[in-house]
Every structure is written in structure tokens, then in C-alpha cells.
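What the coordinates show
Chain by chain, the residues:
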Amino acid sequence: MPVFTTYDGTELAYRVEGEGEPLVCLPGGAMRASRYLGDLGGLSAGRRLILLDLRGTGDSATPSDGSTYRVDHQVADVEALRLHLGLDRMDVLAHSAAGNLALLYAAAHPERVRRLVLVTPTAWAVDLAPTPQESLEAVRVRAGREPYDTAIAAYERMWAAGADPSPEDRRRAMVLAYGRWDERARAHLAASDGERNQAAAAVFAGPGAFDPPATRAALRRFDGDALVLAGEFDGYPTAAVAAALAALLPHGTADVQRGAAHFPWLDDAGWFAARVERFLAAGA
């Protein structure tokens, strides 16, 4: 895998999939190795995907200072990647928790992002999140059959437990992250424990990571196009949060992938890749 050295001397790695115009891809998790993104449902057919392993994940090195796992410190890693690739402006795709990293990067370097794709993003950086009731309403539409009833019950207990849900309920509820609970989804989930840096994830959104009023103000200067893509069945974020996030961005638009949840490229690869490619080609 290609590597480059970021601002503090840490060597970061990235995978390259496909050919064509580059698309820098930031993985979520938080702090999960980029291989879970695969080729994003075949998006690599028309784009050269640059899939970054965030510090301490995948083939990237572990930093000497663990506090640099905090998301605001990783903005400089994205900028170092841009410089390494020799891009004046770049298209960026971020999934889930990496939505925060992409938002912070666009706020800090608005002139460096041409088009921004936020796939089922969390948006703590701008203080947007669904309420427990909104999340529960989104997932309860699948009630009435297994394995969803068991997963919904676990999801309800997680919200009731607040910051300390049981690992067992976390695992049961993950069924809801997939639009189809099939062999591919089961394999994708089974791989997750070995792909995620749990210690880094605990630091990622820690105290001091976010200043939502400042980030919102800075994003008003971002003149690139943005697509915020939600999954119909995703409880976090919901389609309403995606719409609210798109409304914060001067050239933002939101869309909902029907039948999808938190990993929409697994649920309908053709629809996902076509929608993202159409946006990258034509903008919002």
C-alpha cells in the first residue's frame, strides 16, 4: 500500500481502487480500517478511490501521541494526504463518524474541497443528532419479524442505558445497520472487531474535539457542492438529520436510499454507485 508521512511524522497508508478522477475516501467506525468500505459498491468503475487508513488503523502506523486520535487533530492528516497526492482541490467521500472529520476539514480548508459526499454521516461537529424517539421511530418500521424484533429490543435498551450499553446489546442491534441481513451483511459485521481501533475510537470525539458554532460559521464559506446521503432504515443518523445537515451547507442537497441502512453500498450497490457518480459529475 502507498504511504506518506503526516505532520507529526506518523506514516499513514491508503489503498487505491479503480482508475479515473480521484475520490478521497474517509472511513468511519469510528476508527475502522478502510477495507470495510470495499470498492463502495463498484464506485471504483469510474473513479480512482483513495481509501485512507486513519492513524492507528489498517496499515497506518500508530502515533506516538494517543491524543492525536481526536478528530480535530486528524484534519491535518487529510491535508497532508492532499499535498501528497498533488491535488489543488479534491472530491471527498466520508462515511459515518468520518462525516465529522470531513466537515472539520471543509471548515478549515473550504477552498480545497470541490465536492463532498457524506454517507450516513454523524454530525456532532455541527451539533446535529437525532433524538432517541426519532432514532427508534426509524428502526421500528421493520418490526414484526426476526431478526429485527430482537435487534429493535436491544436498540431500545441501548438508548435507555445511555452512555453505557452492554456489548451484547450493541452486537444484537447491529443487525439494524444493514438493509438486508444476509450472508454478506453477517460477514461484514463479523470483520468489524478486527478492523476497529477501540482505544482510538474512545478518543475520537473526546472533550474539546468540537466547537459547533465556530464550525457552522466556517462552513458558510464552503462553496463546494455537497451530497448528504441517508439510508431509509438508518436510526443514526436519520433522514431528517441528513436534511438538516444539507441545509447548513450553502450548496448542499440530501437524498435517501430506499431499502438501505447504515452501509448503503452493501444494500443496493448499483443505486448507490450511480447516485454518487451522478453527483460527482454534475454537482448538487
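The structure reproduced in this document is the subject of the present report. Keep in mind the model is a prediction, meaning the values are calculated, not measured.

Thresholds applied
- Residues numbered from 1 in each chain as written.
- Predicted model: local features only at pLDDT ≥ 70, side-chain atom pairs only at ≥ 80, totals over all residues.
- Heavy atoms only, no water.
- Buried < 20%, exposed > 50% of the residue type's maximum accessible area, 1.4 Å probe, protein only.
- Helix = DSSP H or I, 4+ residues; strand = E, 2+ residues; numbered from the N terminus.
- Arc of directions from axis to C-beta.
- Contact = heavy atoms within 4.5 Å.
- Salt bridge = Lys/Arg side-chain N within 4 Å of Asp/Glu carboxyl O.
- Pairing = 2+ DSSP bridges.
- Axes fitted to C-alpha atoms, helices over the stretch in contact; angles between N-to-C directions.
- Parallel < 35°, antiparallel > 145°, perpendicular 65-115°, else oblique.
- Nonpolar A, V, L, I, M, F, W, Y, C, P; charged D, E, K, R; others polar.

Looking now at helix 9 (residues 212-219). Of all the residues in helix 9, the buried ones are P212, T215, A218 and L219. Burial along helix 9 is one-sided: seen end-on, the buried residues are contained in an arc of 130°. Looking at the buried residues of helix 9, the elements they touch are helix 2 (98-108).

This brings us to the pattern of salt bridges. Under the definition given, this model contains 21 salt bridges. The shortest N-O distance in the salt bridge between R35 and E195 comes to 3.6 Å. Here R35 is found in the loop between strand 3 (21-26) and strand 4 (47-52), whereas its partner E195 is found in helix 7 (residues 192-195), with 160 residues between them in sequence. Given a relative accessible area of 46%, R35 falls into the partly exposed group. Of the charged contacts in the structure, one is a salt bridge between R47 and E277, with a shortest N-O distance of 3.2 Å. Remark: E277 occurs in helix 12 (residues 269-282) and R47 occurs in strand 4; sequence separation between them is 230 residues. The exposure class of R47 is buried, given its relative accessible area of 5%. Judged by relative accessible area, E277 falls into the partly exposed class, the value being 25%.

On to the pairing of strand 2 (residues 11-17), then. As paired strands, strand 1 (residues 3-5) and strand 2 are joined by three bridges and run antiparallel to one another. Paired with T5 across the bridge in strand 2 is E11. The loop that links strand 1 with its antiparallel partner strand 2 comprises five residues; one of these, G9, has a positive phi angle of about 90°. Relative to strand 4, strand 2 runs antiparallel, the two sharing four bridges. Across the sheet, E17 pairs through a bridge with L49, a residue of strand 4.

For the rest of this paragraph, the subject is the packing of helix 3 (residues 132-140) against helix 4 (residues 148-161). Where helix 3 meets helix 4, the closest approach of the two axes is 11 Å, and the angle between their N-to-C directions is 175°. The angle between the axes of helix 3 and helix 4 places the two elements in the roughly antiparallel class. Along its contact with helix 3, which presents P132, S135, L136, V139 and R140, the element helix 4 presents I152, Y155, E156 and W159. In terms of residue class, the contact of helix 3 with helix 4 is built from six nonpolar, one polar and two charged.

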